[in-house]
Amino acid sequence: MDRAMAALSPTGAAPSAKRYWTAGPQHPPGRFGHVTVIGAGIVGLTTAAALRRSGRSVTVLDAASDVGRGTSFGNGCQLSYGYVAPLAQPGLLAELPQLLFARSAPLKIVPRASIAQWRWMLQFLLACRASRAHAGSLALLALGALSRQETDLWLADADTEALSFSRHGKLVLLPTDAALHKARAQLALQAPCGPLQTAVSEVECLRIEPALARLRGQIAGAIHTPSECAIDSHALCRDLEHHLKAQGVDIVLGTAVREFRRTGDQVTHLVTDAGVREVDGLVIAAGPASAAMARQLGFPVPVYPLKGYSITVPVREPCGAPHVSVTDAGRKVVYARIGARLRVAGVAEIGGYDARVDARRIRELSDHTRQAFGSAVDLDAVEPWAGLRPATPTSVPIVGPSPRRNVFLNIGHGALGLTLAFGSARRLVDLLDAA
């Protein structure tokens with residue numbers, strides 16, 4: 001049976017009312033009684049949920065035939081609220097030659113004849129300053145705290161087994177003393193406003209997660225966050241879809257938006273491949289397609305795709321694969337246990353909108369997994385995936401109004417879309433109500 005459908009009641013009837021719907025702001029909605037959301041990934045669906053909870057009627061449009069089929073489908077599955085260092089860091093400039101020329105660099109620039117790419121890259125390099133990274137970390141921590149609150153509210157009466165949800169914590173493995181020193185500095189920055197985190201030795205790390213024994217001698221230390229979680233992102237999208245439909249949200253799939261019709265600074269209609277739709281309020285939450293939509297609307301947004309890869313493999317030996325979520329900072333690979341499977345994700349290629357799967361990258365992820373866990377996972381049954389993470393230069397998403405009077409943005413979450421989705425949705429609706 002489809003795992004996501006396990007969230008249904010035994011009779012297949014609509015699910016019972018969730019506490020989520022009554023726990024939001026208890027006042028009449030402000031502007032825009034009906035809102036159209038473009039995007040049925042995790043960010044678009046959580047936006048629809050927050051809008052519906054605010055009392056508005058909602059329509060969701062997506063070109064795909066199923067929810068969560070883009071960036072949300074094969075991501076790292078980690079809910080990482082507490083370790084949110086932006087990708088742009090001061091030390092990154094020294095690594096620029098490797099990012100341009102090394103074939104297997106975990107973060108790699110693939111130059112294109114694209115003004116959008118080079119503009120984004122310049123903004124990214126300008127963000128590689130200590131003050132910008134500091135400000136970005138604090139902004140992400142605040143949004144992460146809100147998202148934890150909102151996500152926990154959604155999950156409070158969910159079938160967490162069907163969603164492969166776990167709260168076993170997270171370990172960030174550091175390969176060298178220098179990397180551990182930098183991580184301790186980030187830890188000190190996050191301490192006043194983030195969840196409890198501690199720096200641990202290799203011995204303590206292996207005690208917390210014995211399945212990492214094959215990496216003994218390769219770990220200088222780790223950052224442990226006991227409260228971090230993991231969840232199957234696509235199953236969560238399916239769960240959201242089901243509950244949204246039960247709340248009367250119209251989810252229209254297989255329908256691409258081709259054109260925006262405007263009167264002055266307001267969008268009045270969407271031209272889709274299924275006809276023309278009238279618009280009251282509009283939210284763009286279309287992942288990597290959001291930048292092109294903004295250009296059609298006459299304004300730029302600093303969002304560009306970072307191509308990432310993942311593999312999903314069956315777990316053969318439950319004690320030999322990690323239960324704790326793991327980020328291998330040296331190899332830039334994350335591991336998350338989702339039920340009887342292990343999701344392994346990594347690589348960030350700044351190279352345009354090509355989402356084809358590069359077999360070499362899949363082999364790299366498989367090799368890392370074999371080195372870490374050996375025969376505990378079945379690497380003969382690899383499910384490969386590649387997707388485009390829509391990122392801003394600072395890693396802080398864009399959540400709020402646009403230059404068009406009735407258009408709002410919830411875009412640019414990068415690798416933190418799953419983590420920040422519920423929080424950015426709540427923030428967007430709060431801003432809309434206050435406008």
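Just above, that's the structure.
Let us look at the structure shown here. Just so it is clear, the model here is predicted, and its values are computed rather than measured. (Residues numbered from 1 in each chain as written. Predicted model: local features only at pLDDT ≥ 70, side-chain atom pairs only at ≥ 80, totals over all residues. Heavy atoms only, no water.)

Examining the overall build of the chain
Then, in step 1: A count of helices and strands for the chain gives ten helices and 20 strands.
Then, in step 2: The C-alpha radius of gyration computed for the chain amounts to 21 Å, which stays within 12% of the reference 22 Å derived for 435 residues, consistent with globular compactness.
Then, in step 3: If you line up the chain on its principal axes, its C-alpha atoms span 65 × 55 × 45 Å.
Then, in step 4: Here the chain holds 435 residues, and 56% of them are scored as buried.
Then, in step 5: Here the analysis covers contacts within the chain between residues at least 6 apart in sequence; of these, 78% occur between residues at least 24 apart.
Then, in step 6: Within the structure as shown, the chain displays about 17600 Å² of accessible surface, and the carbon and sulfur contribution to it stands at 56%. (Helix = DSSP H or I, 4+ residues; strand = E, 2+ residues; numbered from the N terminus. Rg over C-alpha atoms; globule rule 2.2 N^0.38 Å. Buried < 20%, exposed > 50% of the residue type's maximum accessible area, 1.4 Å probe, protein only. Contact = heavy atoms within 4.5 Å. Areas by Shrake-Rupley, 256 points an atom, 1.4 Å probe, with all protein chains shown as cover.)

Examining the packing of helix 4 (residues 130–155) against helix 5 (residues 177–190)
Then, in step 1: Packing of helix 4 against helix 5 brings their axes to within 10 Å, and their N-to-C directions diverge by 55 degrees. In terms of axis orientation, helix 4 runs oblique to helix 5. Both helix 4 and helix 5 take part in a crossing whose hand is right-handed. Residues His 134, Ser 137, Leu 138 and Leu 141 of helix 4 form the contact with helix 5, whose own contacting residues are Gln 186, Leu 189 and Gln 190.
Then, in step 2: Taken together, the residues of the contact of helix 4 with helix 5 sort by class into three nonpolar, four polar and no charged. (Axes fitted to C-alpha atoms, helices over the stretch in contact; angles between N-to-C directions. Parallel < 35°, antiparallel > 145°, perpendicular 65-115°, else oblique. Left-handed = near helix turned anticlockwise from the far one by under 90°. Nonpolar A, V, L, I, M, F, W, Y, C, P; charged D, E, K, R; others polar.)

Examining the side chain of Thr 419
Then, in step 1: Within the secondary structure, Thr 419 is located in helix 10 (residues 417–434).
Then, in step 2: Setting aside residues up to four positions removed in sequence, Thr 419 forms contacts with Gln 78, Leu 79, Ser 80, Tyr 81 and Ser 147.

Some thoughts on the sheet that holds strand 12 (residues 275–278)
Each strand in a sheet pairs with another by means of backbone hydrogen bonds, the pair being arranged parallel or else antiparallel.
Then, in step 1: Taken in spatial order, the three strands line up as 10-11-12 in an open sheet, and their pairing is antiparallel. A single partner strand is all that each edge strand has here, and the edge strands are strand 10 (257–263) and strand 12. Strand-to-strand twist across the sheet, computed as the mean angle between neighbouring axes with direction ignored, equals 25 degrees.
Then, in step 2: Pairing between strand 11 (residues 266–272) and strand 12: four bridges, direction antiparallel. For Leu 270, the partnering residue across the bridge sits in strand 12 and is Arg 277. (Pairing = 2+ DSSP bridges.)

With respect to the nonpolar core
Then, in step 1: Residues Trp 154, Leu 236, Leu 240 and Leu 244 are the most contacted members of the largest nonpolar core, which totals 43 residues.
Then, in step 2: Of all elements in the fold, only strand 1 (34–38), helix 1 (42–53), strand 2 (57–61), helix 4, helix 7 (233–246) and helix 10 reach the threshold of two or more residues within this core.
Then, in step 3: The residues touching Leu 240, leaving out its near neighbours within four places in the chain, are Ile 42, Leu 45, Thr 46, Ala 49, Trp 154 and Phe 422.
Then, in step 4: Counting residues in each nonpolar core, the second largest holds 30 residues, with Val 313, Val 315, Ala 372 and Ala 386 among its members. (Core = buried A, V, L, I, M, F, W, Y, C linked by side-chain atoms within 4.5 Å.)

Section: the packing of aromatic side chains
Then, in step 1: Within the structure shown, the criterion is met by ten aromatic pairs.
Then, in step 2: Seen in terms of ring centroids, Trp 120 and Tyr 304 are 6.3 Å apart; in terms of plane orientation they differ by 35 degrees. Their pairing is tilted. A residue pair is termed long-range when its members are at least 10 positions apart, and Trp 120 in helix 3 (residues 115–126) and Tyr 304 in strand 14 (residues 304–314) qualify at 184 residues. Of the two residues examined, Trp 120 and Tyr 304, each falls in the buried class.
Then, in step 3: Joined through ring pairs, the aromatic side chains of Tyr 20, Trp 21, Trp 154 and Phe 422 make up one cluster.
Then, in step 4: Sitting over the face of the ring of Trp 154, Lys 18 holds its NZ or CZ atom 4.5 Å from the ring centroid.
Then, in step 5: Lying across the ring of Phe 73, Arg 69 places its NZ or CZ 4.2 Å from the centre. (Phe/Tyr/Trp six-rings, centres within 6.5 Å; stacked < 30°, edge-to-face > 60°. Lys NZ or Arg CZ within 6 Å of the ring centre and 35° of its normal.)

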